[in-house]
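What follows is each chain in one-letter form.
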Amino acid sequence: MVGASSLQATPAAAQSSLLKLASTRPAASSASVGGSTSVPYGWLDFCHRRPKECKVPALPAASVKLTAQNMSILKRINRKANRSIKPVSNYDHWGTTMDHWDYPVDGKGDCKIYALYKRKLLQEAGFPRQALLMTVVRDLHNEGHTILTVKTDKGDLVLDNLVDEIRPWNATGYYFLKRQSQQNPNTWVSINQRGGTAKRLSPSS
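The present account deals with the structure reproduced in this document. Predicted model only: the values in this text are computed from it and were never measured.

Reading guide: rules and limits
- Residues numbered from 1 in each chain as written.
- Predicted model: local features only at pLDDT ≥ 70, side-chain atom pairs only at ≥ 80, totals over all residues.
- Heavy atoms only, no water.
- Helix = DSSP H or I, 4+ residues; strand = E, 2+ residues; numbered from the N terminus.
- Pairing = 2+ DSSP bridges.
- Buried < 20%, exposed > 50% of the residue type's maximum accessible area, 1.4 Å probe, protein only.
- Contact = heavy atoms within 4.5 Å.
- Salt bridge = Lys/Arg side-chain N within 4 Å of Asp/Glu carboxyl O.
- Phe/Tyr/Trp six-rings, centres within 6.5 Å; stacked < 30°, edge-to-face > 60°.
- Lys NZ or Arg CZ within 6 Å of the ring centre and 35° of its normal.
- Axes fitted to C-alpha atoms, helices over the stretch in contact; angles between N-to-C directions.

## What about unusual backbone geometry?
Then, in step 1: Phi is positive for Asn142, which is not a glycine, with a value near 65 degrees.
Then, in step 2: You can see Asn142 is positioned in the loop between β4 (132-138) and β5 (144-152).
Then, in step 3: One non-glycine residue, Asn192, adopts positive backbone phi at about 55 degrees.
Then, in step 4: In this fold, Asn192 is placed in strand β9 (residues 188-196).

Structure representation (structure tokens):
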């Protein structure tokens, strides 16, 4: 898998990257998940309109090896999506209060569009589908928000349209509600955990 498991950095570079991660963030961990839960309407509607995206086989759970190179890819794609999509509310964009999930076909969208686009770009870069999980949370204002969770061998990382920095799930301060199953993107599992305390971000983040 190019960009996911086969890409390797030099030992020194990888160690330097991981030491930097350890020194600037809380220790990453993996969120504990519960049983199956309701599937968001937006995902069901997305699958109805784009069936090829969802008619996929179940696969064994997989995670990304967090080499320096893979971390660089995550950062690049997170920033690319955050900068290339113009933020607009679901209602202003689609004229409906019903959740509409899609790719940024017109360069605009809300959090779901950002997260789906990042998932797509990372799959194209060779990251395993089972490690790229659409995730529904409550943000710091207790409002519904969607992010992309990336399962890695160093814990769960979050790609967020509100923040350019890649953060461990437990440094967001979000309340995690549910996300896709690793084995089957059409099955969703409950989380119901607070993701730690929001990390104070530097101006350059």
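Moving on from the model shown.
## What about the pairing of β9?
Then, in step 1: Sheet analysis places strand β1 (residues 36-37) next to β9, joined by two bridges and oriented antiparallel. Residue pairing for β9: Thr37 is matched across the bridge by Trp188.
Then, in step 2: In the sheet, strand β8 (residues 171-180) pairs with β9 via six bridges, with the strands oriented antiparallel. What sits directly across from Phe176, in β9, is Gln193.

## A short note on helix α2 (residues 41-49)
Then, in step 1: Along α2, the residues that are buried comprise Gly42, Trp43, Asp45, Phe46 and Cys47.
Then, in step 2: Residues of α2 that are buried sit in contact with α3 (51-54), α6 (111-124), β8 and β9.

## Points about the pairing of strand β7 (residues 163-168)
Walk down a regular strand and you will see the side chains alternate between the two sheet faces.
Then, in step 1: Most of β7 is tucked away: six of the six residues are buried.
Then, in step 2: Strand direction decides the pairing type here: strand β6 (residues 155-160) and β7, joined by three bridges, are antiparallel. Across the sheet, Asp160 pairs through a bridge with Val163, a residue of β7.
Then, in step 3: A loop of two residues connects β6 with β7, the two strands running antiparallel in sequence.

## Observations concerning the pattern of salt bridges
Then, in step 1: Under the counting rule described, the total for this entry stands at eleven salt bridges.
Then, in step 2: Arg50 is paired through a salt bridge with Asp102; the nearest N and O atoms lie 2.7 Å apart. A residue pair is termed long-range when its members are at least 10 positions apart, and Arg50 in the loop between α2 and α3 and Asp102 in the loop between α5 (90-94) and β3 (108-109) qualify at 52 residues.
Then, in step 3: Exposure remark for Asp102: the relative accessible area of 7% places this residue in the buried category.
Then, in step 4: Asp110 is paired through a salt bridge with Lys112; the nearest N and O atoms lie 2.8 Å apart. When sorted by exposure, Asp110 lands in the same class as Lys112, which is buried.
Then, in step 5: Overlapping salt bridges bring together Asp45, Arg49, Arg50 and Asp102 as one network.

## Focus: the packing of aromatic side chains
Then, in step 1: All chains considered together, the criterion is met by five aromatic pairs.
Then, in step 2: Judged by centre distance (5.6 Å) and plane angle (90 degrees), the ring pair of Phe46 and Tyr103 falls under edge-to-face. One end of the pair, Phe46, is in helix α2; the other, Tyr103, is in the loop between α5 and β3, with 57 residues separating them in the sequence. With respect to class, Phe46 is no different from Tyr103; both count as buried.
Then, in step 3: Between Trp101 and Trp188 the ring centres are 6.1 Å apart and the planes differ by 70 degrees, which places this aromatic pair in the edge-to-face class. A residue pair is termed long-range when its members are at least 10 positions apart, and Trp101 in the loop between α5 and β3 and Trp188 in strand β9 qualify at 87 residues.
Then, in step 4: Owing to a relative accessible area of 0%, Trp188 belongs among the buried residues under this scheme.
Then, in step 5: An aromatic cluster is built from Trp43, Phe46, Trp101, Tyr103 and Trp188, whose rings are joined through pairwise contacts.
Then, in step 6: Across the ring face of Tyr103, the terminal group of Lys120 is positioned such that the distance to the ring centre comes to 5.7 Å.
Then, in step 7: Above the ring of Tyr174, the side-chain terminus of Arg167 is found at 5.6 Å from the ring centroid.

## Considerations on the sheet that holds β9
Then, in step 1: Reading across the sheet, the seven strands line up as β1-β9-β8-β4-β5-β6-β7 and stay open at both edges, with antiparallel pairing between neighbours. Both edges of this open sheet fall to β1 and β7, since each of them pairs with a single strand only.
Then, in step 2: Here helix α4 (residues 68-84) sits on the sheet and contacts β5, β6 and β7; the angle it forms with β7, its principal contact strand, is near 140 degrees.
Then, in step 3: Across the sheet, α6 is in contact with β4, β5, β6 and β8; its angle to β5 comes to roughly 20 degrees.

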